[in-house]
Amino acid sequence: MAVRARIMLLTEDSGKQGQPTVHKLLKEALKVLVQGVDLNPRRIQIEPLPENDRARQAVRATQWKEQPPPREVPILLGAIAARLLEPGFVIFHFDTDRVWSERHTSENRKKFESIIRGGVRRILRGEAPLPIRPGPPPPQRTAEQIEAALERLLVLSPCYSIESWLYQATTKIREHCQKTHASEEHGKLIDSWTADRRVLEEVFRPKDDALPCVSDHHNEQLAQTFPAEEVWLAERSFYEFVETLRACAPLMNALGHEEAVSHCRGLKQRAH
Ligand SMILES: [Zn+2]
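Residues numbered from 1 in each chain as written. Predicted model: local features only at pLDDT ≥ 70, side-chain atom pairs only at ≥ 80, totals over all residues. Heavy atoms only, no water.

The name given to the chain in an unreviewed UniProt entry is DUF4276 family protein, with Stigmatella aurantiaca as the source organism.

See the structure below:
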């Protein structure tokens, strides 16, 4: 079986549930994109950085945002550049730390563009040294080749945080809340999220302020019942992510482009 796409999936969430949770959400996004998509891992390879990789240190513990950059950051930039040149894909998860209506003020989004995308661009241009490797120097690349590679570096940045997506699994959330305490206030809040899928994206610090009773204890399980199509139709940050993937022509080709277009039309017709 031929590999169609190799996707390096990076998450700043260093908890044990972080990587499997984001992996599951990505698969749900791909299913919204292409109905019946074949996600056989031998065909679409979605991989984390190896556990002992120093580049992984830079993603986790949010080191990548720090100034001056820790020593691990150039290693991370090199790993991203190498995957893009294969040519493969890199999907980078960080929280926006802003509600949807204030996403334009997200420092994390700005820092990603300047530190990560800007840093990888400098490597691809040959302006920043890569770790020394044996063999001939890397070939010169045109500006078009560099920008084409950078288009395969894709951002997954929920508003406000990854819990803003996961709490959309409102049936499960209610169970976990009720197991902890009998809160009528929380019950009403969760009802409002079910009634209008846009509401959660305007909730500030959902994990810490809205539902500390649930927090991030069940993230991996919540991802299993994430109502992807409904949340996509709400046209907030999950929609933004899915559409970022859709705009990436090489990824769509790898997944099966024609089916994707017809599925998108079908969903939109159902919505109106
Ligand atoms: Zn509660």
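Caption draft 1: Layout of the pattern of salt bridges. Under the counting rule described, the total for this entry stands at 21 salt bridges. A salt bridge links Glu 47 to Arg 83; the nearest nitrogen and oxygen atoms lie 3.0 Å apart. Of the two residues, Glu 47 sits in strand 2 (residues 44-47) while Arg 83 sits in helix 3 (residues 72-85), which places them 36 residues apart along the sequence. Judged by its relative accessible area of 8%, Arg 83 falls in the buried class. As a salt-bridge pair, Lys 188 and Glu 184 come within 3.6 Å of each other at their nearest N and O atoms. Residue Lys 188 and its partner Glu 184 are both found in helix 8 (residues 184-195); the two are separated by four residues, about one turn of the helix. No difference in accessibility class separates Lys 188 from Glu 184, as the two residues are exposed. Where salt bridges share partners, they join Arg 6, Glu 47, Arg 83 and Glu 86 into one cluster. (Salt bridge = Lys/Arg side-chain N within 4 Å of Asp/Glu carboxyl O. Helix = DSSP H or I, 4+ residues; strand = E, 2+ residues; numbered from the N terminus. Buried < 20%, exposed > 50% of the residue type's maximum accessible area, 1.4 Å probe, protein only.)

Caption draft 2: Broad picture of the coordination of the zinc ion. Here the zinc ion is held by Cys 177 (SG), His 181 (NE2), His 186 (ND1) and Cys 213 (SG), and the distances to it run 2.1 to 2.3 Å. The coordination sphere of the zinc ion comprises four donor atoms, whose angles at the metal cover 101 to 120°; the geometry is tetrahedral. Read N to C, the donor residues that coordinate the zinc ion are spaced as C-x3-H-x4-H-x26-C. What makes Cys 177 buried here is its relative accessible area of 2%. Exposure remark for His 186: the relative accessible area of 10% places this residue in the buried category. (Donors = N, O, S within 2.8 Å, 3.2 Å for Na, K, Ca; no water. Tetrahedral: all angles 85-135°; square planar, octahedral: opposite > 155°, others 65-115°.)

Caption draft 3: Representation of the pairing of strand 3 (residues 89-93) within the structure. Of all five residues in strand 3, five are buried; the element is thus mostly enclosed. Side chains of strand 3 alternate between two faces, with Phe 89, Ile 91 and His 93 and Val 90 and Phe 92 buried alike. Note that strand 1 (residues 5-11) and strand 3 share five bridges and pair parallel. Bridging across to strand 3, Thr 11 finds its partner in His 93. Relative to strand 4 (residues 153-156), strand 3 runs parallel, the two sharing four bridges. Bridge pairing links Ile 91 to Leu 154 in strand 4. (Pairing = 2+ DSSP bridges.)

Caption draft 4: Broad picture of the environment of Pro 206. Looking at where Pro 206 falls in the secondary structure, it is placed in helix 9 (residues 206-210). Separated by 45 residues in sequence, Pro 206 and Ser 161 place their C-alpha atoms 7.6 Å apart. Those residues within four positions of Pro 206 in sequence are excluded, and the remaining contacts are Tyr 160, Ser 161, Glu 163, Ser 164, Tyr 167 and Leu 211. (Contact = heavy atoms within 4.5 Å.)

Caption draft 5: Here's a closer look at the packing of helix 4 (residues 107-124) against helix 5 (residues 143-150). One can describe the packing of helix 4 onto helix 5 by two numbers: an axis separation of 10 Å at closest approach and a directional angle of 140°. Here helix 4 runs over helix 5; the crossing is right-handed. Contact with helix 4, carried on its side by Arg 117, Val 120, Arg 121 and Leu 124, involves Ile 146, Glu 147, Ala 149 and Leu 150 of helix 5 and no other residues of that element. Taken together, the residues of the contact of helix 4 with helix 5 sort by class into five nonpolar, no polar and three charged. (Axes fitted to C-alpha atoms, helices over the stretch in contact; angles between N-to-C directions. Left-handed = near helix turned anticlockwise from the far one by under 90°. Nonpolar A, V, L, I, M, F, W, Y, C, P; charged D, E, K, R; others polar.)

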